Amino acid sequence: MLTRIDHIGIACRDLDATVEFYRRTYGFTDIHTEVNEEQGVREAMLKINDAGDGGATYLQLLEPIRDDSPIAKFLAKNGEGVHHIAFGTDGDVQEEADGIASHGVRVLYDAPRRGSMGSRITFLHPKDCGGVLTELVQAAETTEH
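Keep in mind it's a predicted model, so treat the numbers as computed, not measured.

Caption draft 1: Geometry of the sheet that holds strand 2 (residues 31-36). Spatially, the eight strands line up as an open sheet ordered 2-3-4-1-5-8-7-6, and their pairing is mixed. The outermost strands of the open sheet, each flanked by one partner alone, are strand 2 and strand 6 (113-114). As defined by bridge partners, strand 1 (residues 2-11) adjoins strand 4 (residues 56-64) across five bridges and the pair is classed as parallel. Bridge pairing links Ile8 to Leu59 in strand 4. Against the sheet, helix 1 (residues 15-26) contacts strand 1, strand 2, strand 3 (41-50) and strand 4, and its axis sits at roughly 150° relative to strand 4. The strands touched by helix 2 (residues 70-78) within the sheet are strand 1, strand 3, strand 4 and strand 5 (81-89), with strand 4 carrying the most contacts at an inclination of about 80°.

Caption draft 2: Expanded view of the environment of Thr89. With respect to the element layout, Thr89 can be found in strand 5. Along the primary structure Thr89 and Thr3 are separated by 86 residues, whereas in three dimensions their C-alpha atoms are 5.4 Å apart. Residue contacts for Thr89: discarding those within four places in its chain leaves Met1, Leu2, Thr3, Arg4, Glu96, Val137 and Gln138. Within polar-contact distance, the side chain of Thr89 engages the backbone oxygen of Met1 at 3.1 Å.

Caption draft 3: Main features of the side chain of Lys47. Here Lys47 is to be found in strand 3. Judged by relative accessible area, which is 15%, Lys47 ranks as buried.

Caption draft 4: Seen up close, the nonpolar core. By size, the foremost hydrophobic cluster in this structure holds ten residues: Ile10, Cys12, Leu15, Val19, Tyr22, Phe28, Ala44, Leu46, Leu59 and Leu61. At the level of elements, helix 1, strand 3 and strand 4 are the ones that each hand at least two residues to this core. Broken down by element, the residue count for this core peaks at three residues, all from helix 1. Sequence-distant contacts of Leu15, that is, excluding residues within four places in its chain, are made with Arg42, Glu43, Ala44, Leu61, Leu62 and Glu63.

Caption draft 5: Main features of the packing of aromatic side chains. Tallying each qualifying case throughout the model produces five aromatic pairs. With a centroid separation of 6.1 Å and an interplanar angle of 40°, the aromatic rings of Tyr26 and Phe28 are classed as tilted. Accessibility expressed as a relative area gives 52% for Tyr26, which makes it exposed. For Phe28, a relative accessible area of 16% puts it in the buried group. Seen from the ring of Tyr109, Arg113 lies directly overhead, with NZ or CZ sitting 3.8 Å from the centre.

Caption draft 6: Examining the pattern of salt bridges more closely. Tallied over the full model, the rule gives eleven salt bridges. In this structure, Arg23 and Glu20 form a salt bridge, with 3.4 Å as the shortest nitrogen-oxygen distance. Taken together, the residues Arg23 and Glu20, both in helix 1 and three residues apart, mark about one turn of the helix. Notably, a salt bridge pairs Arg66 with Asp68, separated by 2.7 Å at the nearest N-O pair. The exposure class assigned to Arg66 is partly exposed, which follows from its relative accessible area of 31%. A residue is classified by how much of its surface remains accessible, and Asp68, at 47% relative accessible area, is partly exposed. Because the salt bridges share partners, they merge into one network encompassing Asp16, Arg42 and Glu63.

Conventions adopted
- Residues numbered from 1 in each chain as written.
- Predicted model: local features only at pLDDT ≥ 70, side-chain atom pairs only at ≥ 80, totals over all residues.
- Heavy atoms only, no water.
- Pairing = 2+ DSSP bridges.
- Helix = DSSP H or I, 4+ residues; strand = E, 2+ residues; numbered from the N terminus.
- Contact = heavy atoms within 4.5 Å.
- Axes fitted to C-alpha atoms, helices over the stretch in contact; angles between N-to-C directions.
- Polar contact = N/O pair within 3.5 Å; in protein donor to acceptor, adjacent residues only side chain to side chain.
- Buried < 20%, exposed > 50% of the residue type's maximum accessible area, 1.4 Å probe, protein only.
- Core = buried A, V, L, I, M, F, W, Y, C linked by side-chain atoms within 4.5 Å.
- Phe/Tyr/Trp six-rings, centres within 6.5 Å; stacked < 30°, edge-to-face > 60°.
- Lys NZ or Arg CZ within 6 Å of the ring centre and 35° of its normal.
- Salt bridge = Lys/Arg side-chain N within 4 Å of Asp/Glu carboxyl O.

Spelled out as structure tokens, the structure:
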């Protein structure tokens with residue numbers, strides 16, 4: 001079952017400057033950063049609040065580390081801004097994706113991939129989701145949100 005908005009992904013050209021903006025403007029201080037080579041990004045997860053299912057809600061800031069990454073392509077076409085929305089599940093992300101696929105929604109990955117903070121993720125096709133790129137997230141069991 002989907003239990004929360006896990007995060008909203010925001011594409012940016014300068015991660016450090018964007019993190020500083022959110023820290024200064026909104027007071028976010030609980031920030032996790034990492035590089036995800038597979039996705040071709042350097043990212044920051046800015047924690048907004050804890051969720052009732054043991055997870056949390058974040059803003060995810062994404063800076064491309066190579067020109068062929070999906071985020072670099074998004075920035076070239078659209079500029080900085082909202083890239084996707086992610087829903088968290090307290091169950092298995094593959095089972096959630098299979099259930100959603102049974103309603104005619106295309107799943108972009110054959111199997112879940114590694115996401116932020118050790119999570120398991122997959123994406124749903126934006127053309128099947130009202131024009132919104134949608135991510136499904138299963139938080140890592142060892143990750144405290």
